[in-house]
Amino acid sequence: MSEKIKVLGVLIDSLTAKAAMQEAIRYMETEPINTIEVLAGQAVIELVETGDLREKLEKMDLLVVGDKTLLELSNVEDRRLIREAETNLFLKMFMRYLDKGKKKVFLLARTQENLEAFQAHIEKYYRNMVISGMEAVEERPGIDDMIINKINGAETECVLSALPSPFQEDFVERSAHLLDARLWLGIGEGIQNTRHTNVKKKRIWDIFVKLMLKSEIKRKEREQS
(Lines give C-alpha, C1' and ligand atoms only; values in the text may rest on other atoms or scores of the structure.)
Protein backbone atom coordinates (compact mmCIF):
# COMPACT_ATOMS: atom_id res chain seq x y z
CA MET A 1 0.00 0.00 0.00
CA SER A 2 1.28 3.48 -0.84
CA GLU A 3 1.35 6.41 1.55
CA LYS A 4 -1.50 8.88 1.21
CA ILE A 5 -1.65 12.64 1.37
CA LYS A 6 -4.86 14.51 2.07
CA VAL A 7 -5.80 17.40 -0.18
CA LEU A 8 -9.10 19.22 0.32
CA GLY A 9 -10.53 16.12 1.95
CA VAL A 10 -9.34 13.68 -0.73
CA LEU A 11 -6.79 10.97 -0.03
CA ILE A 12 -4.27 10.90 -2.90
CA ASP A 13 -1.60 8.28 -3.52
CA SER A 14 1.86 9.65 -2.72
CA LEU A 15 3.83 7.74 -5.34
CA THR A 16 6.88 8.52 -7.41
CA ALA A 17 6.36 8.45 -11.16
CA LYS A 18 8.25 5.15 -11.31
CA ALA A 19 6.03 3.53 -8.68
CA ALA A 20 2.88 4.82 -10.38
CA MET A 21 4.17 3.42 -13.68
CA GLN A 22 4.66 0.00 -12.11
CA GLU A 23 1.05 0.05 -10.92
CA ALA A 24 -0.22 1.21 -14.32
CA ILE A 25 1.67 -1.53 -16.15
CA ARG A 26 0.31 -4.11 -13.72
CA TYR A 27 -3.20 -2.84 -14.47
CA MET A 28 -2.50 -3.22 -18.20
CA GLU A 29 -1.65 -6.87 -17.64
CA THR A 30 -4.67 -7.81 -15.53
CA GLU A 31 -8.45 -7.83 -15.68
CA PRO A 32 -11.00 -6.40 -15.04
CA ILE A 33 -10.54 -2.72 -15.89
CA ASN A 34 -8.71 -0.44 -13.45
CA THR A 35 -9.02 3.33 -13.29
CA ILE A 36 -6.33 6.01 -12.93
CA GLU A 37 -6.80 9.76 -12.85
CA VAL A 38 -4.12 12.42 -13.07
CA LEU A 39 -5.39 15.11 -10.72
CA ALA A 40 -4.61 18.59 -12.05
CA GLY A 41 -6.05 21.62 -13.80
CA GLN A 42 -9.83 21.79 -14.00
CA ALA A 43 -10.27 18.80 -11.69
CA VAL A 44 -8.58 20.79 -8.92
CA ILE A 45 -10.92 23.74 -9.42
CA GLU A 46 -13.96 21.46 -9.50
CA LEU A 47 -12.69 19.77 -6.35
CA VAL A 48 -12.79 23.12 -4.58
CA GLU A 49 -16.29 23.90 -5.79
CA THR A 50 -17.95 20.46 -5.86
CA GLY A 51 -17.93 18.37 -2.70
CA ASP A 52 -19.56 15.42 -4.48
CA LEU A 53 -16.45 15.02 -6.63
CA ARG A 54 -14.36 13.92 -3.65
CA GLU A 55 -16.15 10.60 -3.23
CA LYS A 56 -15.94 9.82 -6.94
CA LEU A 57 -12.21 10.55 -7.04
CA GLU A 58 -11.51 8.26 -4.12
CA LYS A 59 -13.17 5.39 -6.00
CA MET A 60 -10.40 5.52 -8.61
CA ASP A 61 -7.87 2.70 -8.25
CA LEU A 62 -5.03 5.20 -8.44
CA LEU A 63 -4.88 8.98 -8.13
CA VAL A 64 -1.69 10.56 -9.43
CA VAL A 65 -0.77 14.13 -8.54
CA GLY A 66 -0.29 16.15 -11.71
CA ASP A 67 -0.05 19.57 -10.12
CA LYS A 68 2.80 20.58 -7.81
CA THR A 69 0.53 23.08 -6.05
CA LEU A 70 -1.40 20.19 -4.51
CA LEU A 71 1.79 18.92 -2.92
CA GLU A 72 3.08 22.30 -1.82
CA LEU A 73 -0.16 23.24 -0.10
CA SER A 74 -0.32 19.81 1.56
CA ASN A 75 3.07 20.52 3.15
CA VAL A 76 4.77 17.77 1.15
CA GLU A 77 8.48 18.56 1.15
CA ASP A 78 9.73 15.74 -1.05
CA ARG A 79 11.42 17.67 -3.86
CA ARG A 80 11.36 14.65 -6.15
CA LEU A 81 7.57 14.33 -5.93
CA ILE A 82 7.13 18.06 -6.48
CA ARG A 83 9.45 18.06 -9.50
CA GLU A 84 7.71 15.02 -11.01
CA ALA A 85 4.29 16.61 -10.55
CA GLU A 86 5.51 19.87 -12.09
CA THR A 87 6.83 18.09 -15.20
CA ASN A 88 3.91 15.62 -15.42
CA LEU A 89 6.49 12.84 -15.49
CA PHE A 90 4.12 9.93 -14.91
CA LEU A 91 1.92 10.89 -17.84
CA LYS A 92 4.92 11.33 -20.12
CA MET A 93 6.30 7.94 -19.11
CA PHE A 94 2.99 6.15 -19.55
CA MET A 95 2.29 7.70 -22.93
CA ARG A 96 5.73 6.54 -24.10
CA TYR A 97 4.90 3.06 -22.79
CA LEU A 98 1.68 2.97 -24.82
CA ASP A 99 3.50 4.25 -27.89
CA LYS A 100 6.46 1.89 -27.67
CA GLY A 101 4.19 -1.10 -27.10
CA LYS A 102 1.90 -0.13 -29.98
CA LYS A 103 -1.05 -0.35 -27.62
CA LYS A 104 -4.64 0.05 -28.76
CA VAL A 105 -6.24 3.15 -27.27
CA PHE A 106 -9.73 4.63 -27.41
CA LEU A 107 -9.95 8.42 -27.18
CA LEU A 108 -12.68 10.30 -25.33
CA ALA A 109 -13.19 14.07 -25.23
CA ARG A 110 -16.02 16.44 -24.37
CA THR A 111 -16.67 17.94 -27.82
CA GLN A 112 -15.90 17.02 -31.40
CA GLU A 113 -13.44 19.91 -31.58
CA ASN A 114 -11.63 18.68 -28.45
CA LEU A 115 -11.62 15.15 -29.84
CA GLU A 116 -10.05 16.18 -33.13
CA ALA A 117 -7.35 18.15 -31.29
CA PHE A 118 -6.71 15.13 -29.06
CA GLN A 119 -6.43 12.82 -32.07
CA ALA A 120 -4.06 15.24 -33.84
CA HIS A 121 -1.83 15.36 -30.75
CA ILE A 122 -1.62 11.56 -30.52
CA GLU A 123 -0.94 11.12 -34.22
CA LYS A 124 1.76 13.79 -34.16
CA TYR A 125 3.71 12.71 -31.08
CA TYR A 126 2.82 9.03 -30.60
CA ARG A 127 2.79 7.55 -34.07
CA ASN A 128 3.07 3.91 -32.98
CA MET A 129 0.00 4.07 -30.78
CA VAL A 130 -3.04 2.47 -32.40
CA ILE A 131 -6.22 4.54 -32.15
CA SER A 132 -8.89 1.83 -32.14
CA GLY A 133 -11.72 4.34 -31.85
CA MET A 134 -12.77 7.70 -30.46
CA GLU A 135 -15.90 9.52 -29.38
CA ALA A 136 -17.11 12.89 -28.10
CA VAL A 137 -19.08 12.46 -24.87
CA GLU A 138 -22.08 14.69 -25.30
CA GLU A 139 -25.17 14.94 -23.14
CA ARG A 140 -27.87 13.10 -25.03
CA PRO A 141 -30.06 10.04 -24.34
CA GLY A 142 -28.34 6.68 -24.78
CA ILE A 143 -24.84 8.14 -25.22
CA ASP A 144 -23.35 5.97 -22.46
CA ASP A 145 -24.53 2.72 -24.01
CA MET A 146 -23.33 3.79 -27.45
CA ILE A 147 -19.85 4.65 -26.18
CA ILE A 148 -19.60 1.46 -24.11
CA ASN A 149 -20.50 -0.62 -27.15
CA LYS A 150 -17.96 1.21 -29.32
CA ILE A 151 -15.16 0.74 -26.78
CA ASN A 152 -15.96 -2.94 -26.26
CA GLY A 153 -16.26 -3.56 -29.98
CA ALA A 154 -12.89 -1.94 -30.66
CA GLU A 155 -10.98 -4.45 -28.49
CA THR A 156 -9.07 -1.55 -26.99
CA GLU A 157 -6.49 -1.93 -24.24
CA CYS A 158 -6.55 1.55 -22.73
CA VAL A 159 -9.21 4.25 -22.70
CA LEU A 160 -7.57 7.69 -22.79
CA SER A 161 -10.02 10.22 -21.43
CA ALA A 162 -9.49 13.94 -21.96
CA LEU A 163 -12.89 14.68 -20.45
CA PRO A 164 -12.98 17.63 -18.03
CA SER A 165 -14.13 17.18 -14.45
CA PRO A 166 -16.75 16.39 -13.30
CA PHE A 167 -17.91 14.77 -16.57
CA GLN A 168 -14.97 12.37 -16.44
CA GLU A 169 -15.68 11.11 -12.94
CA ASP A 170 -19.42 10.88 -13.61
CA PHE A 171 -18.86 8.75 -16.69
CA VAL A 172 -16.45 6.44 -14.85
CA GLU A 173 -18.92 5.95 -12.02
CA ARG A 174 -21.73 5.09 -14.43
CA SER A 175 -19.86 3.02 -16.97
CA ALA A 176 -16.37 1.76 -16.04
CA HIS A 177 -17.59 -1.60 -14.73
CA LEU A 178 -19.12 -2.32 -18.15
CA LEU A 179 -16.00 -1.60 -20.18
CA ASP A 180 -13.99 -4.41 -21.75
CA ALA A 181 -10.57 -2.76 -21.50
CA ARG A 182 -7.55 -3.08 -19.23
CA LEU A 183 -7.21 0.51 -18.11
CA TRP A 184 -9.02 3.83 -17.97
CA LEU A 185 -6.60 6.75 -17.82
CA GLY A 186 -8.23 10.07 -17.02
CA ILE A 187 -5.88 12.86 -18.05
CA GLY A 188 -8.27 15.80 -18.33
CA GLU A 189 -6.30 18.53 -20.04
CA GLY A 190 -3.00 17.03 -18.92
CA ILE A 191 -2.10 15.73 -22.37
CA GLN A 192 -1.31 19.31 -23.37
CA ASN A 193 1.50 19.36 -20.85
CA THR A 194 3.33 16.31 -22.17
CA ARG A 195 4.81 18.40 -24.98
CA HIS A 196 5.56 22.03 -25.67
CA THR A 197 3.18 24.48 -23.98
CA ASN A 198 2.75 28.20 -23.67
CA VAL A 199 4.94 28.74 -20.59
CA LYS A 200 3.45 32.13 -19.71
CA LYS A 201 -0.09 30.83 -20.00
CA LYS A 202 0.75 27.80 -17.83
CA ARG A 203 2.30 30.01 -15.13
CA ILE A 204 -0.82 32.18 -15.00
CA TRP A 205 -2.99 29.05 -14.67
CA ASP A 206 -0.73 27.67 -11.90
CA ILE A 207 -1.07 30.94 -9.97
CA PHE A 208 -4.85 30.84 -10.37
CA VAL A 209 -5.06 27.26 -9.10
CA LYS A 210 -2.80 28.06 -6.15
CA LEU A 211 -4.94 31.04 -5.13
CA MET A 212 -8.11 28.96 -5.37
CA LEU A 213 -6.63 26.20 -3.24
CA LYS A 214 -5.23 28.58 -0.63
CA SER A 215 -8.62 30.25 -0.34
CA GLU A 216 -10.37 26.91 0.14
CA ILE A 217 -7.87 25.69 2.72
CA LYS A 218 -8.24 28.91 4.75
CA ARG A 219 -12.04 28.62 4.58
CA LYS A 220 -11.89 25.07 5.94
CA GLU A 221 -9.54 26.14 8.71
CA ARG A 222 -11.99 28.87 9.75
CA GLU A 223 -14.87 26.38 9.79
CA GLN A 224 -12.92 24.01 12.03
CA SER A 225 -11.75 26.70 14.48
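Everything below is about the structure shown above.
Caption draft 1: Molecular detail of the packing of aromatic side chains. Throughout the structure, instances matching the rule amount to three aromatic pairs. On the numbers, 6.0 Å between centres and 20° between planes, the contact of Phe90 with Phe94 is stacked. Of this pair, Phe90 and Phe94 both sit in helix α6 (residues 89-100), separated by four residues, roughly a single helical turn. Measuring from centroid to centroid gives 5.7 Å for Phe171 and Trp184, while their planes differ by 25°, and the two rings are stacked. Of this pair, Phe171 sits in helix α9 (residues 167-175) while Trp184 is found in strand β8 (residues 183-186), placing the two residues 13 residues apart along the sequence. Trp184 carries the same exposure label as Phe171, and that label is buried. These aromatic residues form a ring-pair network of at least three members: Phe90, Phe94 and Tyr97. The side chain of Arg110 reaches across the aromatic face of Phe167, ending 3.5 Å from its centre.

Caption draft 2: Fine view of empty space enclosed by the protein. In total, this model carries one cavity of 30 Å³ or more according to the counting rule given. Volume-wise, the largest cavity comes out at about 150 Å³. Together, 17 residues line the largest cavity, and Leu15, Val64, Val65, Leu81 and Ala85 are the ones closest to its centre. Contributions of two or more residues to the lining of the largest cavity are made by β4 (62-65), α5 (79-86) and α6. Across the lining of the largest cavity, the residue classes tally to 11 nonpolar, four polar and two charged.

Thresholds, definitions, all that
Residues numbered from 1 in each chain as written. Predicted model: local features only at pLDDT ≥ 70, side-chain atom pairs only at ≥ 80, totals over all residues. Heavy atoms only, no water. Phe/Tyr/Trp six-rings, centres within 6.5 Å; stacked < 30°, edge-to-face > 60°. Helix = DSSP H or I, 4+ residues; strand = E, 2+ residues; numbered from the N terminus. Buried < 20%, exposed > 50% of the residue type's maximum accessible area, 1.4 Å probe, protein only. Lys NZ or Arg CZ within 6 Å of the ring centre and 35° of its normal. 1 Å grid on protein atoms, 1.4 Å probe; cavity = no way out; pocket = protein on both sides within 12 Å on 5 of 7 lines; lining within 4 Å. Points joined across faces, edges and corners; volume = space filled by probe spheres on them. Nonpolar A, V, L, I, M, F, W, Y, C, P; charged D, E, K, R; others polar.

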